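Here is how the chains run, residue by residue.
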Amino acid sequence: MTAPILELDQVSFAYRGGVPAVSGISFAVEGGRNVGLVGESGAGKTTLLRLLLGLATPSSGRVLFDGAPLDVRDRARMRQFRRSVQTVFQDPYSSLDPRQNVGRIVAEPLRSLGIARGADAAAQVAEALASVGLPADAASRYPHEFSGGQRQRIAIARAIVPGPRLLLADEPVSALDVTTRIQVMDLLAELGRSRGLTVLMVSHDLSVVAALCQRMVVLQGGRVVEQGETTAVLGAPREDYTRRLIDAVPRLPA
Amino acid sequence: MSLLDVTDLSVAAGGVDRVRGLSFSLSADERLGLIGESGSGKSLTALAITGLLPEGLTVRGSVRLDGTEVVGAPERALVPLRGHVASVVFQEPLTSLDPLMRLGSQLAEPLRRHQGLRGAPLRAAVLDALREVSLPEPERIAKAYPHEISGGQRQRVAIAMALACRPKLLIADEPTTALDVTVQAEILDLLDRLVAGRGMALLFISHDLAVVARETSRVLVLRNGEAVEAGPLADLLAAPRHLYTAELVASAAALDAALEVS
């Protein structure tokens, strides 16, 4: 059996002098099985994401990448990690540099990870733009020329260009209009099928998680309340909080 | 006579119409949901109704609020309408709360101005207003500053302030979009209860069809500043006439369906 791509083993973290932001968190992301981290404000979603990206080191517990602990001092392995695990953020307005054209933005991981340059890089950028459904001439244009949904596609193109196995997506569709939201969700599902890309998504939106993730982890106050197969958790929540969360989602009248 | 009559309303910025030829009306105890995505002109419509549009925007057409024409009216003619006739609850409660003032003092201001209350009766009215929006420990909240309470509690205070002068029309512009989902459910229930209890009219603005459905049964769909479809929500869900409405309904239904586990 292959190891999970990313795994948290009894991870706790406290900001300097503060109470623990997350405590005793354990879950694993296996290839081909999207995971949704669900929780409200203060649940510890952002802290977990920082730990998963190696931007913070756990106070206790371990973050495992391909079965071995992540060590920020091991530069060769961190480069391997960055190549395998890429990120998409919530706000496609602040996450793209307005002064760089889209081609340069999308090529950034190729440059910084030393994967490709010149014509080689341009070809890979063109391929990435095509797979997120953007026109070929997008590369020579600038972020402000694109709508919110298109910008999120640009951010996704930048994330997939180095050929990662896992995408960490922080509320990737929350800032988008509902019609655009569905299209970007479809794109993420399609990338899973065509490229074998697994998604670990942080979201407050249960329906987005339900649509995209095979597994879900419910967080509250820095702890895991419940985790399991998404259908099982939604169909038969074991915890009161999970039930309240599900019941609170507004739905169309029948 | 309607409480609110909007006729052929247009709002232009830099020569471009952001709202174009919008007409609808609302009678005293009626509710209407204004649905639209970003750039649809829904918030501009709310601001135009209360005469709060920023400078540089030009308004054409007519907005009659409780018999008074708002378009082109001087500021002094609008002041008596705000709070008494129409009040707005915005998406971000910090928009309407002063960060440097205790919440009790902020809430006391409209009560003093409009109801002439002073001293002990004023203090009692402030606590009553906080209780009415189901805030626990009203004494503590009254002494607190906005940053000392949660987002959901801030929105409750903003609602209390909007209701302080007993308006006939409440305009709620994405009042729960910035809130957690469990808090959103509570605030939607609160608004529903208060509007029904006081017999107010409600103009509920949102991008979220499922949220609008919690508060109103009649809706108007806006896109790029124009009304594309209006009518009972049930009809619109069952048989949308406009392509855009159909897309909106399909998107909301897809998100709903994802949650249905057989």
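This structure is a prediction, so every number in the text was calculated from the model and none was measured.

*Asks:* What am I meant to see in the UniProt feature "domain: ABC transporter" (unreviewed entry) in chain A here?
*Replies:* In the numbering used here, UniProt assigns the "domain: ABC transporter" (unreviewed entry) feature to residues 6-246 of chain A. Secondary structure across residues 6-246 of chain A comprises 39% helix and 24% strand; the distance between its end C-alpha atoms is 27 Å.

*Asks:* I keep staring at the layout of surface pockets and nothing clicks. Help me out?
*Replies:* Unfilled space is identified by rolling a water-sized probe across the atoms. All names here are of chain B. In this structure, the second largest pocket encloses a volume near 600 Å³. Contributing to the lining of the second largest pocket are 21 residues, with Arg82, Gly83, Ser87, Arg113 and Met161 lying nearest its centre. Where the lining of the second largest pocket is concerned, the elements lending two or more residues are β6 (86-89), α3 (103-115) and α6 (151-163). Of all the elements, α3 adds the most residues to the lining of the second largest pocket, at five residues. Tallied by class, residues from the lining of the second largest pocket come to eleven nonpolar, six polar and four charged.

*Asks:* What is the right way to look at the interface of chain B and chain A in this model?
*Replies:* Interface size is commonly expressed as the accessible area that is lost once the parts come together. Every contact between the two is made by 28 residues of chain B and, on the other side, 25 residues of chain A. Carbon and sulfur atoms supply 65% of the area that chain B and chain A bury against each other, a total of about 2400 Å² over both sides. Taken together, the links from chain B to chain A amount to one salt bridge. A salt bridge links arginine 251 of chain A to glutamate 260 of chain B, with the shortest nitrogen-to-oxygen separation between them at 2.9 Å. Connecting chain B to chain A are eight residue pairs in polar contact (both at pLDDT 80 or more). Elements that contribute at least two residues to the side of chain B that touches chain A include exactly α7 (181-198), α8 (209-215), α9 (233-238) and α10 (243-259) of chain B. In terms of residue count, the dominant contributor to the side of chain B that touches chain A is α10 of chain B (eleven residues). In terms of residue class, the side of chain B that touches chain A is made up of 18 nonpolar, five polar and five charged.

*Asks:* Where do I start with the packing of aromatic side chains in this structure?
*Replies:* Between two aromatic rings, the relevant description is the distance of the centres plus the angle of the planes. All names here are of chain A. The full count for this structure, using the stated rule, is two aromatic pairs over all chains. Ring geometry for phenylalanine 13 against tyrosine 15: centres 4.9 Å apart, planes inclined by 90°, an arrangement best described as edge-to-face. Take phenylalanine 13: its relative accessible area is 10%, and that puts it in the buried class. Residues phenylalanine 65 and phenylalanine 81 carry aromatic rings whose centres are separated by 5.0 Å and whose planes lie at 80° to one another, so their mutual orientation is edge-to-face.

*Asks:* Explanation requested: the nonpolar core in the structure shown.
*Replies:* Across soluble globular proteins, nonpolar side chains have a tendency to be buried as a group. In this structure, Val106, Ile156 and Leu206 of chain A together with Ile159 and Leu170 of chain B are the most contacted members of the largest nonpolar core, which totals 109 residues. The biggest single contributor to this core is α7 of chain B, with eight residues. Those residues within four positions of leucine 170 of chain B in sequence are excluded, and the remaining contacts are Ser87, Val89, Ala162, Leu163, Leu191, Val195, Met200, Ala201, Leu202 and Leu203 of chain B. By size, the runner-up hydrophobic cluster in this structure holds 32 residues, among which are Leu22, Leu47, Val63 and Leu65 of chain B.

*Asks:* Would you explain the pattern of salt bridges in this entry?
*Replies:* Scanning the entire structure with this criterion turns up 28 salt bridges over all chains. In this structure, glutamate 229 of chain A and arginine 33 of chain A form a salt bridge, with 2.6 Å as the shortest nitrogen-oxygen distance. Placement of glutamate 229 of chain A in strand β10 (residues 223-229) and of arginine 33 of chain A in the loop between β2 (20-29) and β3 (35-38) is noted, with a sequence separation of 196 residues between them. Residues arginine 214 of chain B and aspartate 189 of chain B are paired through a salt bridge, measuring 2.9 Å at the closest nitrogen-oxygen approach. Taken as a pair, arginine 214 of chain B in helix α8 and aspartate 189 of chain B in helix α7 lie far apart in primary sequence, 25 residues in all.

*Asks:* Would you mind going over the environment of aspartate 17 of chain B with me for this structure?
*Replies:* Residues and elements named next belong to chain B. Tracing the sequence through the fold places aspartate 17 in strand β2 (residues 16-26). In sequence terms aspartate 17 and leucine 169 are 152 residues apart; their C-alpha atoms lie 26 Å from each other. Contacts of aspartate 17, omitting those with residues within four sequence positions, involve Ser10, Val11, Ala12 and Arg60. At 3.3 Å, the side chain of aspartate 17 forms a polar contact with the side chain of arginine 60.

Here is what the cut-offs are and how they apply
- Residues numbered from 1 in each chain as written.
- Chains lettered and ligands numbered in written order.
- Predicted model: local features only at pLDDT ≥ 70, side-chain atom pairs only at ≥ 80, totals over all residues.
- Heavy atoms only, no water.
- UniProt positions renumbered as here; feature names shortened; annotations may be inferred.
- Helix = DSSP H or I, 4+ residues; strand = E, 2+ residues; numbered from the N terminus.
- 1 Å grid on protein atoms, 1.4 Å probe; cavity = no way out; pocket = protein on both sides within 12 Å on 5 of 7 lines; lining within 4 Å.
- Points joined across faces, edges and corners; volume = space filled by probe spheres on them.
- Nonpolar A, V, L, I, M, F, W, Y, C, P; charged D, E, K, R; others polar.
- Contact = heavy atoms within 4.5 Å.
- Buried area = accessible area lost by both parts, 1.4 Å probe.
- Salt bridge = Lys/Arg side-chain N within 4 Å of Asp/Glu carboxyl O.
- Polar contact = N/O pair within 3.5 Å; in protein donor to acceptor, adjacent residues only side chain to side chain.
- Phe/Tyr/Trp six-rings, centres within 6.5 Å; stacked < 30°, edge-to-face > 60°.
- Buried < 20%, exposed > 50% of the residue type's maximum accessible area, 1.4 Å probe, protein only.
- Core = buried A, V, L, I, M, F, W, Y, C linked by side-chain atoms within 4.5 Å.

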